[in-house]
Amino acid sequence: GSGVVVVRYKIAEIAATAKATGGAISFYGGKTIHTFTSSGDFTNPASLTVDYLMVGGGGAGGSGGRAGGGGGAGQYLTGSSTIPAGSSFPISIGAGGGQASVATEGTSASDGNNGNSTVAAFPAGTITSVGGGGGGGYNRNGLSSSPNAGSGGGGGRDGSSAGPSAGPGGNPGGTGGPGSSYGGAGGGGGAGGAGVNASTPGASTETAGPGGPGVQVPTTFRNPQSATSLGTPGPGGAYYVAGGGGGASYRPNAVGGAGDGGSGGGGKGSGELGGDIAGQQYAKENTGGGGGGGAPGSYLPAGSGGSGIVLIAYPS
């Protein structure tokens, strides 16, 4: 058969132009996306109707003389708003709660600090995503956020109650395990579900509760170029935010047992006798995930919560 020659060249390219300023700007699916990972102003010369996603800062994990609960995720909110021409308004990104202090075995507990709220002062009305509740220290209850809208922290070991949540965009933490020679703490709540309770007594089989799952962001914001930086992987792929922190374990005669962090940036709980890696207990920044609970003494400390995030999108 005869041959063929194919010649290909670029004839034109239309570059999208943002209609507003503020945050990191990207273009995907016919939308312009403004991503705020730190506080700043959104300014638009022309009127815009936007979709938004907001997450408050996650709560830190609890610590103490046995095992601390996982921190709750920051409140997850989505919606739309019309912004008049010539507007300029501030957006404040909530910091994650600071980690609880390390405690020696058998000493008094230290609760994780609550996360801070993320606030967007839209002209139509200010929207606030409340920070998550801190995890309870050993023999202490998990904390609720203030006000009670973000996800609650997990209860510390020895039968402590979990932090509640009034939502929307938040869920309660899990309860700590009853006192025994072993035992674990509850996981913090995530935007996609409650934190898991620690297991009931059973000697070396006892485990701490994992953190509640996060939520995958809407398709509008799933720019493939952001797949490795926006959120974390989860059951449906990438882009998960607001996962709860895992509870810590106290198992003197066994390895492991700590709760995993929820998909969406939640930190893993600390455990005894190896199997856990330093740094895993810290929630991922700009996910609003809760920090993992801390184990006593020379074991890994509790993790701090992840800072929040704001995404704003409109047609390009």
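Everything quoted here is computed from the prediction, not taken from an experiment. (Residues numbered from 1 in each chain as written. Predicted model: local features only at pLDDT ≥ 70, side-chain atom pairs only at ≥ 80, totals over all residues. Heavy atoms only, no water.)

Honestly, the packing of aromatic side chains in this entry has me stumped. Any pointers?
This model, assessed by the stated rule, comprises three aromatic pairs. Taking the centre distance of 5.5 Å and the plane angle of 40° together, the rings of Phe 42 and Phe 89 count as tilted. Here Phe 89 lies in strand S6 (residues 87-92) and Phe 42 lies in strand S3 (residues 40-44), a separation of 47 residues in the sequence. For Phe 42, a relative accessible area of 0% gives the class buried. Relative to Phe 122, the ring of Tyr 52 lies with its centre 5.0 Å away and its plane at 35°, an arrangement referred to as tilted. Separated by 70 residues along the polypeptide, Tyr 52 in strand S4 (residues 48-55) and Phe 122 in the loop between strand S7 (118-120) and strand S8 (127-129) bring together distant segments of the chain. Per residue, the accessibility class of Tyr 52 equals that of Phe 122, and both read buried. Three or more aromatic residues joined by ring pairs form one cluster here, namely Phe 42, Tyr 52, Phe 89 and Phe 122. (Phe/Tyr/Trp six-rings, centres within 6.5 Å; stacked < 30°, edge-to-face > 60°. Helix = DSSP H or I, 4+ residues; strand = E, 2+ residues; numbered from the N terminus. Buried < 20%, exposed > 50% of the residue type's maximum accessible area, 1.4 Å probe, protein only.)

Even after reading the chapter, I still don't get the environment of Pro 147, so can you show me in this structure?
With respect to the helices and strands, the residue Pro 147 is situated in the loop between S8 and strand S9 (215-216). Classification of Pro 147 by relative accessible area gives exposed; the value is 55%. Between the C-alpha atoms of Pro 147 and Val 130, which are 17 residues apart in sequence, the distance is 7.2 Å.

Please explain unusual backbone geometry as it appears in this structure.
Of all residues except glycine, most have a negative phi; of all peptide bonds, most are trans. Of the consecutive residues Ser 146 and Pro 147, the connecting peptide bond is found in the cis state with omega at -5°. For the bond from Gly 167 to Pro 168, the omega torsion is -5°, close enough to zero to count as cis. Along the polypeptide, Pro 168 turns up in the loop between S8 and S9. At Tyr 239, a residue that is not glycine, the phi angle is positive and equals roughly 70°.

Help me understand the sheet that holds strand S2 (residues 31-36), please; the structure alone is not making it clear to me.
Two orientations exist for strands paired in a sheet by backbone hydrogen bonds: parallel and antiparallel. The strand order across the open sheet built from five strands is S1-S2-S12-S4-S5, with neighbouring strands paired in antiparallel fashion. The open sheet has two edge strands, strand S1 (24-28) and strand S5 (76-83), and neither has a second partner. Strand-to-strand twist in this sheet, taken as the mean axis angle between neighbours without regard to direction, amounts to 20°. Taken together, the eight bridges between S4 and S5 define a ladder with antiparallel strand orientation. Note that in S5 the partner of Val 50 across the bridge is Ser 81. (Pairing = 2+ DSSP bridges. Axes fitted to C-alpha atoms, helices over the stretch in contact; angles between N-to-C directions.)

Can you help me understand the sheet that holds strand S10 (residues 232-234) in this one?
Strand order in the open sheet formed by three strands is S9-S11-S10, and the pairing between neighbours is antiparallel. Each edge of the sheet is formed by a strand with only one pairing partner; in this case those strands are S9 and S10. In the sheet, S9 pairs with strand S11 (residues 237-241) via two bridges, with the strands oriented antiparallel. By the bridge assignment, Gln 216 is partnered in S11 with Tyr 240.

Got a minute to help me understand the pairing of S11 in this structure?
Strand residues, when the strand is regular, have side chains that alternate between the two faces of the sheet. Within S11, four of the five residues are buried, leaving the element largely enclosed by the surrounding structure. Across two bridges, S10 lies against S11 in antiparallel orientation. Residue Thr 232 lies in a different strand from S11, and its bridge partner there is Tyr 240.

Nothing here speaks to function; it is geometry throughout.
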